[in-house]
Amino acid sequence: VRCCELTGSSTWNAIAIASMFVALTYAMWPVSEGSMNPALSFSLGLSGDLRWGTVVRNWGAQITGALAAGVACIVFFLPKSMQLKPAESFAPWYATIIEMVYTAMLSFVVLNCTASKARDPPHSCNQCFGLAIGFVLVAGGYAASNISNACFNPAVVLGVNINPKGLSRMILSTCAQL
C-alpha cells in the first residue's frame, strides 16, 4: 500500500494491491486460511466458521504485522509520511459509509467463497476464492479510492496511521470496517 502511494499515480493502485492480496491469499491459505484482515476474521467468527479463540489470535497476528509494517515504512520511507484519510472534498461520513459498504461486500464474498458449505463442500477443488476476493478489491479500489483511499482492512489502517496525528481517523475507520 505504501509503495503504491509513493509512486504519485493512483492509476494502477487497485490492481496492484488486489494482485498482491490474491497472491498472498493463495500463499497463506495452507497456514492461516489467508487470514490477513481483522474484519474478515470477525465475519468468519460471526458465521461460526472460525472459533472466537482463533479470531482473537488472528487479530493479534494481523495487528502485530500491520504495526511492524507501519514502523518499517516509517524507517524506510522517511521523511515522506502517509495517512489514510478522506479526500478533502468529501465529509468523513462519506468515507465511513463507502468503507462499510465495500468491507461488507468483501466479507460477503469471503463467506460465500470460502465458508459456504452449499457452494464449497468440504474437500472440493474450488480454487476461485482468491480471484473473487481480488476482484472485490479491484472494484472497491477504483470506486472508493478518491473518497476514502479504499482500505477495507482495519489492520492496514492501524499500520499506515501509526503516528499520533492519524489516531482519530484510525479509530473511526477501524470501527467502521468492523
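Residues numbered from 1 in each chain as written. Predicted model: local features only at pLDDT ≥ 70, side-chain atom pairs only at ≥ 80, totals over all residues. Heavy atoms only, no water.

### Things to note about the overall build of the chain
Next, step 1: A count of helical and extended segments in the chain gives eight helices and zero strands.
Next, step 2: Start at the N end of the chain and walk to the C end: the helices and strands fall as α-α-α-α-α-α-α-α.
Next, step 3: Here the contacts in the chain between residues at least 6 apart in sequence split such that 71% fall between residues at least 24 apart.
Next, step 4: Accessible area for the chain stands at about 9,900 Å²; split by element, carbon and sulfur atoms hold 69% of it. (Helix = DSSP H or I, 4+ residues; strand = E, 2+ residues; numbered from the N terminus. Contact = heavy atoms within 4.5 Å. Areas by Shrake-Rupley, 256 points an atom, 1.4 Å probe, with all protein chains shown as cover.)

### Digging into the packing of helix α2 (residues 13–32) against helix α6 (residues 129–148)
Packed helices, taken two at a time, are described by the angle between their axes plus the distance between the axes.
Next, step 1: At a minimum axis separation of 8 Å, α2 and α6 run at an interaxial angle of 155 degrees. Classed by the angle they form, the pair α2 and α6 counts as roughly antiparallel. Crossing hand, α2 versus α6: right-handed. On α6, the residues that touch Ala-14, Ile-15, Ala-18, Phe-21, Val-22, Thr-25, Tyr-26 and Trp-29 of α2 are Phe-129, Gly-130, Leu-131, Ile-133, Gly-134, Leu-137, Val-138, Gly-141 and Tyr-142.
Next, step 2: Broken down by class, the residue content of the contact of α2 with α6 amounts to 13 nonpolar, four polar and no charged. (Axes fitted to C-alpha atoms, helices over the stretch in contact; angles between N-to-C directions. Parallel < 35°, antiparallel > 145°, perpendicular 65-115°, else oblique. Left-handed = near helix turned anticlockwise from the far one by under 90°. Nonpolar A, V, L, I, M, F, W, Y, C, P; charged D, E, K, R; others polar.)

### Some words on the environment of Met-28
Next, step 1: Topologically, Met-28 is positioned in helix α2.
Next, step 2: The contacts of Met-28, once residues within four sequence positions are left out, are Glu-33 and Gly-34.

### Comments concerning a nonpolar patch on the surface
Next, step 1: A grouping of Phe-90, Trp-93, Tyr-94, Ile-97 and Val-101 is seen on the molecular surface, where their side chains present a nonpolar patch of about 490 Å² in accessible area.
Next, step 2: Structurally, Trp-93 is set in helix α5 (residues 92–115). (Patch = residues over 30% accessible without salt bridge, like charges linked within 9 Å, V, L, I, M, F, W, Y side chains within 5 Å. Salt bridge = Lys/Arg side-chain N within 4 Å of Asp/Glu carboxyl O.)

### Remarks on the environment of Gly-70
Next, step 1: Residue placement: Gly-70 occurs in helix α4 (residues 52–77).
Next, step 2: On a C-alpha basis, the gap between Gly-70 and Ile-162 in space is 6.3 Å, while along the polypeptide they are 92 residues apart.
Next, step 3: Those residues within four positions of Gly-70 in sequence are excluded, and the remaining contacts are Gly-159 and Ile-162.

### What to know about the nonpolar core
Next, step 1: Counting 17 residues, the largest nonpolar core has Ile-98, Leu-106, Val-109, Ile-133, Leu-137, Ala-144 and Phe-152 as its most contacted members.
Next, step 2: Secondary-structure elements contributing two or more residues to this core are α2, α5 and α6.
Next, step 3: Residue contacts for Ala-144: discarding those within four places in its chain leaves Ile-98, Asn-149, Ala-150 and Phe-152. (Core = buried A, V, L, I, M, F, W, Y, C linked by side-chain atoms within 4.5 Å. Buried < 20%, exposed > 50% of the residue type's maximum accessible area, 1.4 Å probe, protein only.)

### As for the confidence of the model for the chain
Next, step 1: Scored by pLDDT, the chain has a mean of 82; 82% of the residues are at 70 or more.
Next, step 2: When pLDDT is averaged over each element of the chain, helix α3 (residues 38–47) comes out on top at 92 and helix α8 (residues 167–177) at the bottom at 63. (pLDDT = per-residue confidence, 0-100.)

### Describing the packing of α5 against α6
Next, step 1: Following both chains from N to C, one finds α5 and α6 inclined at 175 degrees, their axes separated by 10 Å at the closest point. Comparing their axes, α6 and α5 come out roughly antiparallel. Every residue of α6 that contacts α5 at Tyr-94, Ala-95, Ile-98, Glu-99, Tyr-102, Met-105, Leu-106, Val-109, Val-110, Cys-113 and Thr-114 is listed here: Phe-129, Ala-132, Ile-133, Val-136, Leu-137, Ala-139, Gly-140, Ala-143, Ala-144, Ile-147 and Ser-148.
Next, step 2: Split by residue class, the contact of α5 with α6 holds 18 nonpolar, three polar and one charged.

### Topic: α4
Next, step 1: Between its first and last C-alpha, α4 extends 36 Å over 26 residues, near the 38 Å set by a 1.5 Å rise per residue.
Next, step 2: Where α4 is buried, its residues meet α3 and α7 (154–160). (Expected span 1.5 Å × (residues − 1).)

### Here we look at the side chain of Glu-99
Next, step 1: Relative to the helices and strands, Glu-99 is located in helix α5.
Next, step 2: A distance of 3.1 Å separates a polar side-chain atom of Glu-99 from the backbone nitrogen of Cys-151. (Polar contact = N/O pair within 3.5 Å; in protein donor to acceptor, adjacent residues only side chain to side chain.)

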